[in-house]
Amino acid sequence: MCLAIPSKVLEIDENNNAKVDTLGVIREVSLDLVPESVEVGEYVLIHVGYAMGKIDEKSALESIEVYKQLAEGAMAEEYEIDPNELATSDEPLLYKPKN
């Protein structure tokens, strides 16, 4: 599963690279894969260093809020891994909440 995270464009340079704010982390991404023009202040969806497309501000802010709620929920839980499960399971490893 891949996640495209909404990020606000802060700067765009002459090489079509942008500095973006992704949940408070500033990073540089390429805008080369976005089919339409992108302006400073707009939101883009990024994945592995590339902006994949634009997203409207309302949708971006709603998505960011969901990401924040998921992160808060994950930090509130303590998780454990059963070492026996690592060696015997053919299923994907799942972290289980501690009881």
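Here's a quick rundown of the structure. (Residues numbered from 1 in each chain as written. Predicted model: local features only at pLDDT ≥ 70, side-chain atom pairs only at ≥ 80, totals over all residues. Heavy atoms only, no water.)

Examining the pattern of salt bridges
If you walk through the whole model with that rule in mind, you get two salt bridges. The partner of lysine 54 in a salt bridge is glutamate 42, and the shortest N-O contact between them spans 3.2 Å. Of this pair, lysine 54 sits in strand β5 (residues 50-55) while glutamate 42 sits in the loop between β3 (25-30) and β4 (43-47), and the two are twelve residues apart along the sequence. (Salt bridge = Lys/Arg side-chain N within 4 Å of Asp/Glu carboxyl O. Helix = DSSP H or I, 4+ residues; strand = E, 2+ residues; numbered from the N terminus.)

As for a nonpolar patch on the surface
A grouping of Leu33, Val48, Tyr50 and Met52 is seen on the molecular surface, where their side chains present a nonpolar patch of about 410 Å² in accessible area. Note on placement: tyrosine 50 falls in strand β5. (Patch = residues over 30% accessible without salt bridge, like charges linked within 9 Å, V, L, I, M, F, W, Y side chains within 5 Å. Areas by Shrake-Rupley, 256 points an atom, 1.4 Å probe, with all protein chains shown as cover.)

Quick notes on the side chain of serine 7
Mapped onto the fold, serine 7 is located in strand β1 (residues 5-12). A polar atom in the side chain of serine 7 sits 2.6 Å from the side chain of threonine 22. Those residues within four positions of serine 7 in sequence are excluded, and the remaining contacts are Val20, Asp21, Thr22, Glu42, Tyr43, Val44 and Ile46. (Polar contact = N/O pair within 3.5 Å; in protein donor to acceptor, adjacent residues only side chain to side chain. Contact = heavy atoms within 4.5 Å.)

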